[in-house]
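Structural overview for review
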Amino acid sequence: MSQHGPIVVIANERDGTLARALDSAGLSPIIDALWARAPGVVERAVPSAVIMTEAASAADQRMMEKIAQAITSSLLYTPVLARIGIGVLEGMPGALPLAADASSERIVARLRAALRVRALHISVTDQARLLTGADPAPPDLQEGDPLEDATVLVTGRGRSYPGLTMAVGERVGAIGALSVETAASYLNARDVDGVVIGEGFGPPTLAAFLTALVEDARFRDLPVALLPEPPPAIDISPLANLERLAGTPREVVAGLLPLVRQHALAARLRRRLASIKADGLIDSRTGLFTMAGFLADLTRAIEEAQGRAAGLSLARFSFPPALDRRVSLDAARLISRLVRSIDFGCQTSDGSILVAFSATALRHAHVFARRIASVLRHTTLAPVGDAGGQVDASVTLATLKPTDTVETLVARVCEPEPVALV
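Residues numbered from 1 in each chain as written. Predicted model: local features only at pLDDT ≥ 70, side-chain atom pairs only at ≥ 80, totals over all residues. Heavy atoms only, no water.

**Side note on the packing of helix H9 (residues 291–308) against helix H12 (residues 406–414)**
The test is simple: Here the axes come from fitting lines to C-alpha atoms, over the contacting stretch only for helices, and the angles between their N-to-C directions go from 0 to 180 degrees. By the criteria applied, helices consist of DSSP H or I runs no shorter than four residues and strands consist of E runs no shorter than two, each listed in order from the N terminus. Here the angle decides the label: under 35 degrees means roughly parallel, over 145 means roughly antiparallel, 65 to 115 means roughly perpendicular, and every other value means oblique. We call two residues in contact when some of their heavy atoms are within 4.5 Å. Asp, Glu, Lys and Arg are counted as charged, while Ala, Val, Leu, Ile, Met, Phe, Trp, Tyr, Cys and Pro are counted as nonpolar; the rest, among them Gly, fall into the polar class.
Here H9 crosses H12 at 110 degrees, and the two axes come no closer than 10 Å. Considering their axes alone, H9 and H12 lie roughly perpendicular with respect to each other. Across from Leu295, Leu298, Thr299 and Ile302 in H9, the residues of H12 making contact are Val406, Leu409 and Val410. In terms of residue class, the contact of H9 with H12 is built from six nonpolar, one polar and no charged.

**Focus on the layout of surface pockets**
As a reminder, the rule being used: With a 1 Å grid laid over protein atoms only, a set of points is called a cavity when a 1.4 Å probe fits there but cannot get out and a pocket when it is open yet has protein on both sides within 12 Å along at least five of seven lines; lining residues have an atom within 4 Å of a point. Grid points are joined across faces, edges and corners, and a volume is the space filled by probe spheres set on the points.
Here the largest pocket is characterised by a volume of approximately 840 Å³. Lining the largest pocket are 39 residues, and of these Asp191, Val192, His263, Ala267 and Arg270 sit closest to its centre. Within the residue set of the lining of the largest pocket, elements represented by two or more residues are helix H4 (104–132), helix H6 (180–189), helix H8 (249–277) and helix H10 (325–338). Looking at which element gives the most residues to the lining of the largest pocket, the answer is H8, with nine residues.

**So, the side chain of Ser160**
Put simply, the test is: Nitrogen and oxygen atoms within 3.5 Å of one another constitute a polar contact, given that in protein one can donate a hydrogen and the other can accept it, and given that sequence-neighbouring residues count only through two side-chain atoms.
Assignment of secondary structure puts Ser160 in the loop between strand E6 (151–155) and helix H5 (161–171). Reaching out from Ser160, the side chain makes a polar contact with the side chain of Glu199 at a distance of 2.5 Å.

**Examining the confidence of the model for the chain**
Fine structural detail should not be taken from predicted coordinates in areas where pLDDT scores are low. To keep things clear, this is the line we draw: Each residue carries a pLDDT score, the predictor's own confidence in it, on a scale running from 0 to 100.
On average, residues of the chain carry a pLDDT of 87, and 89% of them reach 70 or more. Averaged pLDDT values over the elements of the chain bottom out at 81 in helix H3 (residues 61–72) and peak at 97 in strand E8 (residues 194–197).

**Digging into the sheet that holds strand E13 (residues 353–358)**
The strands making up a sheet are joined through hydrogen bonds of the backbone, oriented either antiparallel or parallel. Filter applied, for reference: Here, a strand pair is defined by DSSP locating no fewer than two bridges between the strands.
In space, the four strands of this open sheet follow the order E12-E13-E11-E14, with antiparallel pairing throughout. Each edge of the open sheet is held by one strand with a lone partner, namely strand E12 (344–347) and strand E14 (394–399). Here the average twist between neighbouring strands, direction ignored, is 15 degrees. Summarising the sheet, strand E11 (residues 312–318) and E13 pair through six bridges and their orientation is antiparallel. Bridged to Ala315 within E13 is Val355. Sheet contacts for H12: E11, E13 and E14; angle to E14, the most-contacted strand, approximately 150 degrees.

Have a look at this one:
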């Protein structure tokens, strides 16, 4: 894995076991730095990652701001790993937590997961350079907190479940599940950036859920906050970002959020990479086409359908005008996963979503549209302040006529308020 920089380990006493583990994993070179000299070392080394394994004294706290400034001055994502309870997480909220008793192997696993995000950031930058022939700056990591787009699944049956769901919902999009079966279905159907597993599940149920996470490569880097003790028979080491967390619901969520932020950043970068490879015709926020990309594909689809006398239907999913931005974005991403490979869509300036059903007659388009609307109703994030709310999409359908153009077809699903085709 190309790191593009050394690993800086900040501690007043060298951890030989960790150094050997990092070296054995090929994560080198390693630079040891004392707390008092850490800001200068980080600034000069331009590291690929920073690990804080030792408690910072009260006098060292003023170093935190300098270290944070040195890290954020890098144009590339630079993960910081810090042991929980050493006074770092308060001064550096983006630091990825490590359990106080985390083994060297556990630290290496979490570092590898973080470096995969850094490598993705480098890949996005390289692809942009190749396609433009220029030397662009890396995608701006300050374009908005990735937590604004993040979704966390909360599952459990214990007394802490309502509090956990509320605490999660105060910071990110929250999905609640009272059973592991429901939780598993959400994991398969949704873009989830973290999971909180509360109390209330018996050991066999908990073991089955954790086993499913361990055995699915899609979830190897998924942040997981585990409140109950894991069953001894389950090896949770493949889940690099699983952490045993305790305390109040807000403390549990605070401990998980740095890992959720990193996962959401990785998702943002993957969408950006897909957009770059599609010459900017894919919206990096939603995974749907941009309006320009949608109109280009719709023009082609209309020409092909009229030339072969084939079917083509267009649907518009519109939402309440005051719909929260996060909910609107969630709906768009859900639709991008629900449509068939031959279908395509875009989100318009008013938040509505257009979906073209290729080679589809109107009666079949009705069926597909109803299914999508039903999924949106039951799985879209609830509006802010409405924990039990649902989002009902209004659906308008039109089928292609022999004399239709892009403008006339779109106009029929957008009446009485047309959408600007820009």
